[in-house]
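Analysis of the macromolecular model
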Amino acid sequence: KDRSYLIWVYGKPPDLCIEVVSNLKGRELGEKMELYARIRVTYYVVYDPFLLLGDRKVRAFCLNGGRYTEILVTDPFYLDELGLGLTLWDGVIEDTEGCWLRFVDKEGRMLLTGEEALVQERARVERERARADESELKAAESIREVARKLLAQGLDRSAVLSATGLPEAELDHL
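Residues numbered from 1 in each chain as written. Predicted model: local features only at pLDDT ≥ 70, side-chain atom pairs only at ≥ 80, totals over all residues. Heavy atoms only, no water.

What follows concerns the side chain of R59. With respect to the helices, strands and loops of the structure, R59 is situated in strand 3 (residues 58-64). Although R59 is buried, it forms no salt bridge, and the closest oppositely charged side chain is E70 at an N-O distance of 4.6 Å. In this structure, R59 is in contact with L29, Y44, V45, V46, L53, G54, E70 and V73, ignoring residues within four places of it in sequence. (Helix = DSSP H or I, 4+ residues; strand = E, 2+ residues; numbered from the N terminus. Buried < 20%, exposed > 50% of the residue type's maximum accessible area, 1.4 Å probe, protein only. Lys, Arg positive; Asp, Glu negative; His and termini not counted. Salt bridge = Lys/Arg side-chain N within 4 Å of Asp/Glu carboxyl O. Contact = heavy atoms within 4.5 Å.)

In structure tokens:
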């Protein structure tokens, strides 16, 4: 869904376009750049992972007076107006190892991909489940300890069962 950005649907041009260079046919620093300037895209970034256009993997441009001016790219670099930055990152995405252009926040922390967010959330849920299981075990042991003490003080079994909620079979094993 939404594989194309339609200005008449969103009511404005995109704030950022990123072109990934895969061959020399795309004319990313020529015709495409002129097209994006004409439709008033604020920021235009060219990611050239195989250095087909020169010796820089990332080039960034900002629209000024209808024309793009190149902006200095550091790693990471931040686009204040968008509250977003970009960085180069070596790693694996969708089972493919490589150098990737990734979004970062103002502090330079990478924003998670959908897959990374899912893995992180699953890990959080598992930690919470383990904590809950541990708390449940501790609570059950505390109840058994209370039952032992009540029995040791001579309280009758029915009162201990009523007070602790333990099953009768479990009380037999204390």
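In this section: the packing of aromatic side chains. A ring pair, where both rings are aromatic, is described by two values, the distance of the centres and the angle of the planes. Applying the stated criterion across every chain, the model contains five aromatic pairs. Aromatic side chains Y36 and Y44 sit 5.1 Å apart centroid to centroid with 45° between the ring planes, which places their arrangement in the tilted category. Here the basic side chain of R102 rests over the ring of W89, its NZ or CZ set 4.6 Å away from the ring centre. (Phe/Tyr/Trp six-rings, centres within 6.5 Å; stacked < 30°, edge-to-face > 60°. Lys NZ or Arg CZ within 6 Å of the ring centre and 35° of its normal.)

Within this structure, the stated rule accounts for 19 salt bridges. With a shortest N-O distance of 3.2 Å, K138 and E134 are connected by a salt bridge. One end of the pair, K138, and the other, E134, are both in helix 3 (residues 114-152), four residues apart, so they sit about a helical turn from each other. Among the residues examined, K138 registers a relative accessible area of 53% and is labelled exposed. Of the residues examined, E134 reaches a relative accessible area of 43% and is grouped as partly exposed. One salt bridge in this structure joins R144 and E141, with 3.0 Å as the shortest N-O distance. A residue pair is termed a helical-turn pair when its members lie 3 or 4 positions apart in one helix, as R144 and E141 do in helix 3 at three residues.

Before going further, it helps to spend a moment on the pairing of strand 7 (residues 96-104). In this sheet, strand 7 lies alongside strand 6 (residues 84-93) in antiparallel orientation, the contact comprising nine bridges. Bridge pairing links W89 to W100 in strand 7. Hairpin connection between strand 6 and strand 7: a loop of two residues separates the two successive antiparallel strands, and E94 in this loop has a positive phi of roughly 50°. (Pairing = 2+ DSSP bridges.)

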